[in-house]
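Listed below are the residues making up each chain.
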Amino acid sequence: MMYIVFGHRIANEGGPSGLSGLSGLSGIDRLGAAMLIAAVIATPWGLGGALPAFGHPVLLLAGAGVGVCSSVIPYVTDQLAMARLARATFSLMLALLPVFATVIGRSC
């Protein structure tokens, strides 16, 4: 619920009033800033396990691909949809995602 409420506010109104210093940024720019902050916070926990991958360019490329496909594309798509749809419509579409995933998964 909070994801929809705050995401919709950021996509449409430019974010909560506490983010007035970021008023010139779009919803997608703020999403990028949030992902950067999350990466900095999560790095101490994941760096030890990721160190062996730094010696293998293919693994680094695979990791970047997973990051783009699992985080960047879905969240940017959500921001674009939230900016164009009413909150109730977006909520309904989000609630239907597991149904469509099940139908598609069972048909393959």
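Here, the structure is the one placed above.
The structure displayed is predicted, hence computed values, not measured ones.

**Student:** A description of the overall build of the protein should follow, citing residues and the corresponding values.
**Tutor:** Helix and strand counts for the protein stand at four helices and zero strands. Secondary structure of the protein in N-to-C order comes out as α-α-α-α. Residues counted as buried form 11% of the 108 residues belonging to the protein. Counting only carbon and sulfur atoms, one obtains 74% of the accessible surface of the protein, whose full area is about 7700 Å².

**Student:** Can you explain the layout of surface pockets? Please cite residues and give values.
**Tutor:** Of the pockets and cavities examined, the largest pocket occupies roughly 530 Å³. At the level of elements, α2 (27-50) and α3 (57-84) are the ones that each hand at least two residues to the lining of the largest pocket. Counting residues per element, the lining of the largest pocket draws most heavily on α2, at eight residues. Tallied by class, residues from the lining of the largest pocket come to 12 nonpolar, five polar and no charged.

**Student:** Give a detailed account of the side chain of Gln-79, specifying residues and quantitative values.
**Tutor:** Turning to its location among the elements, Gln-79 is positioned in helix α3. Not counting chain neighbours up to four residues away, the residues in contact with Gln-79 comprise Gly-7, Ile-10, Ala-11, Gly-27, Ile-28 and Leu-31.

**Student:** Account for the environment of Phe-90, naming residues and giving values.
**Tutor:** Structurally, the position occupied by Phe-90 is in helix α4 (residues 87-107). Separated by 12 residues in the primary sequence, Phe-90 and Asp-78 have C-alpha atoms spaced 8.8 Å apart. When residues no more than four places from it in sequence are discounted, the contact partners of Phe-90 are Ile-4, Asp-78, Ala-81, Met-82 and Leu-85.

**Student:** Outline a nonpolar patch on the surface, supporting the account with residue identities and numerical values.
**Tutor:** Together, Leu-92, Leu-96, Val-99, Phe-100, Val-103 and Ile-104 make up a nonpolar patch on the protein surface, roughly 560 Å² of accessible area in all. With respect to the secondary-structure elements, Ile-104 resides in helix α4. Judged by its relative accessible area of 52%, Ile-104 falls in the exposed class.

Rules used in this analysis
Residues numbered from 1 in each chain as written. Predicted model: local features only at pLDDT ≥ 70, side-chain atom pairs only at ≥ 80, totals over all residues. Heavy atoms only, no water. Helix = DSSP H or I, 4+ residues; strand = E, 2+ residues; numbered from the N terminus. Buried < 20%, exposed > 50% of the residue type's maximum accessible area, 1.4 Å probe, protein only. Areas by Shrake-Rupley, 256 points an atom, 1.4 Å probe, with all protein chains shown as cover. 1 Å grid on protein atoms, 1.4 Å probe; cavity = no way out; pocket = protein on both sides within 12 Å on 5 of 7 lines; lining within 4 Å. Points joined across faces, edges and corners; volume = space filled by probe spheres on them. Nonpolar A, V, L, I, M, F, W, Y, C, P; charged D, E, K, R; others polar. Contact = heavy atoms within 4.5 Å. Patch = residues over 30% accessible without salt bridge, like charges linked within 9 Å, V, L, I, M, F, W, Y side chains within 5 Å. Salt bridge = Lys/Arg side-chain N within 4 Å of Asp/Glu carboxyl O.

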